[in-house]
Amino acid sequence: MAGPQRPLHEMRDYIRTFSLDTLPHGNQGYQRIVLQLVGHIGFGKSAVINSCKCVLDDREFIMYAEATNAQGAVTLKRTAYELTPTISIVDNRTVMIMKKMEVAEVYAQLGNFRPLNGPMKKNWKFDDYMTTLEDTELNPNYTDLTVPVLVYHSRHLHLDYEQEEIQTFLRECRLMTGFIPIVVITHKESQNTSEVRNQFIAMGAEQVIPVENYTTENRERIWGKDTDILIFLYNALQDVAFYMSYQRDLRRERLEKKKFLLKYMHDVEIEKKVQEALRMAEINRRQKR
Ligand SMILES: Nc1nc2c(ncn2[C@@H]2O[C@H](COP(=O)(O)OP(=O)(O)O)[C@@H](O)[C@H]2O)c(=O)[nH]1
Ligand SMILES: [Mg+2]
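Residues numbered from 1 in each chain as written. Chains lettered and ligands numbered in written order. Predicted model: local features only at pLDDT ≥ 70, side-chain atom pairs only at ≥ 80, totals over all residues. Heavy atoms only, no water.

Peer 1: So what's going on with the overall build of the protein chain? Residues and values would help.
Peer 2: The secondary structure content of the protein chain amounts to eight helices and six strands. Taken from the N to the C terminus, the helices and strands of the protein chain come in the order α-β-α-β-β-α-α-β-α-β-α-β-α-α. Computed over its C-alpha atoms, the radius of gyration of the protein chain comes to 20 Å, within 12% of the 19 Å expected for a compact globule of 289 residues. Within the protein chain, buried positions represent 51% of all 289 residues. By element, 52% of the accessible surface of the protein chain is carried by carbon and sulfur atoms, the whole surface being about 14,700 Å². Side chains of the protein chain carry 39 positive and 39 negative charges; the gap between the two charge centres is 5 Å. (Helix = DSSP H or I, 4+ residues; strand = E, 2+ residues; numbered from the N terminus. Rg over C-alpha atoms; globule rule 2.2 N^0.38 Å. Buried < 20%, exposed > 50% of the residue type's maximum accessible area, 1.4 Å probe, protein only. Areas by Shrake-Rupley, 256 points an atom, 1.4 Å probe, with all protein chains shown as cover. Lys, Arg positive; Asp, Glu negative; His and termini not counted. Charge placed at Lys NZ, Arg CZ, Asp CG, Glu CD.)

Peer 1: Give a detailed account of helix H3 (residues 100-110), specifying residues and quantitative values.
Peer 2: In terms of burial, H3 is a largely internal element, nine of the 11 residues being buried. Within H3, burial applies to Glu102, Val103, Ala104, Glu105, Val106, Tyr107, Ala108, Gln109 and Leu110. Directly after H3, the chain includes Asn112, whose backbone phi takes a positive value near 65°.

Peer 1: Any details on the pairing of strand E5 (residues 182-186)? Residues and values, ideally.
Peer 2: Of all five residues making up E5, five are buried, and the element is well covered by its neighbours. A two-sided burial pattern is seen for E5, the buried positions comprising Ile182, Val184 and Thr186 on one face and Val183 and Ile185 on the other. For strand E4 (residues 144-153) and E5, the ladder comprises five bridges, and the chain directions are parallel. In the sheet register, Leu150 faces E5, and the bridge partner there is Val183. Alignment of E5 against strand E6 (residues 208-210), held across three bridges, turns out to be parallel. Pairing of Val184 across the sheet is with Ile209, part of E6. Read as a crossover between parallel neighbours, the route from E5 over helix H6 (residues 194-202) to E6 is right-handed. (Pairing = 2+ DSSP bridges. Right-handed = clockwise from strand over helix to strand, strands pointing away.)

Peer 1: An account of the nonpolar core is needed here, citing residue identities and associated values.
Peer 2: One recurring pattern in soluble globular proteins is that nonpolar side chains are buried together. Counting residues in each nonpolar core, the largest one holds 77 residues, and the members touching the most others are Leu35, Tyr107, Phe200 and Phe232. Here the element with the most residues in this core is helix H7 (residues 223-243); it accounts for 10 residues. In this structure, Tyr107 is in contact with Thr168, Phe169, Glu172, Cys173, Met176, Phe260, Leu261 and Tyr264, ignoring residues within four places of it in sequence. (Core = buried A, V, L, I, M, F, W, Y, C linked by side-chain atoms within 4.5 Å. Contact = heavy atoms within 4.5 Å.)

Peer 1: Requested: an account of the packing of helix H1 (residues 8-17) against H7, with residues and values cited.
Peer 2: In the contact formed by H1 and H7, the axes pass within 9 Å of each other and the chain directions differ by 40°. Judged by the inter-axis angle, H1 sits oblique to H7. Judged by the sense of rotation from one axis to the other, the crossing of H1 with H7 is left-handed. Listed contacts from H7 to Leu8, Met11, Arg12, Tyr14 and Ile15 of H1 are Trp223, Asp226, Thr227, Leu230, Ile231, Leu233, Tyr234, Leu237 and Gln238. (Axes fitted to C-alpha atoms, helices over the stretch in contact; angles between N-to-C directions. Parallel < 35°, antiparallel > 145°, perpendicular 65-115°, else oblique. Left-handed = near helix turned anticlockwise from the far one by under 90°.)

Peer 1: Please give an account of the pattern of salt bridges that cites residues and values.
Peer 2: For the structure on display, the rule yields 19 salt bridges. With a shortest N-O distance of 3.7 Å, Lys99 and Glu102 are connected by a salt bridge. We note a salt bridge from Lys273 to Glu269, for which the minimum N-O separation is 3.4 Å. Pair noted here: Lys273 and Glu269 are both in helix H8 (residues 250-288), with a separation of four residues, about one helical turn. On the accessibility criterion, Glu269 (14% relative accessible area) is buried. Members of the salt-bridge network, linked through shared partners, are Arg12, Asp58, Arg221 and Asp226. (Salt bridge = Lys/Arg side-chain N within 4 Å of Asp/Glu carboxyl O.)

What follows is the structure, given as structure tokens:
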């Protein structure tokens, strides 16, 4: 089990009253913490939000964030839900973390280059992406402290190539946010989560927290479920407190993130062009035969 085992009410109070203003170096300009969930459609991101709400407010289960339908990506909107005056949590409905263009979009979100509660585009063209990035600088967001959370299904067996991609993803998330993503493993009850947990640790994750979400079918509050959800939030805040214990240079960090994004998109575009050229060459070769 990850994290400290403290009494439920202590963890809940700590989370509810956590404030950036009272940290040793103050808030350093940050006004809220944004927990940004990423992960495949159907892995339980919305359910995590509903569980957090219900456990933190210590009340009966209510559906705040709607569960996805099978087609998933219909609603292209990033919705922020307020958990406490300091903490918001954001669902992301369209992410499949394997496609490079989509990863680029996730990185832009994590680096605060995309507005919250705004429309979300899935298939970017290179030029649009660049222009939008520039537009963002008219009104740069220096007030959200974004913390990445990777939501993963306990049943999923990832193949070797996926492991490599996740490893890269974890590392690059850190470049974009300063945090290694906290990994939340859903459907804890239906699987043995220890193997998937070890795999994530081997890939570079520091915090892997198995949870069983509250859902429409399973609303009954259970001590163990509450505990895991609180451990997730508690650990996220511990991470934030550590991050904020250093004097941050927000402008410099933003610049570094932007450079990374530009290079990333550039590489994606080059790769696309190379693939196109190879395909054209192949077509020409066949026609000549
Ligand atoms: N039994 C169980 N069902 C879950 C859990 N997490 C999510 N679900 C269900 O899985 C489905 C997809 O979850 P959802 O939160 O919509 O996934 P999202 O696309 O990542 O937001 C929904 O029917 C949820 O009720 C879990 O931990 N246990
Ligand atoms: Mg969802």
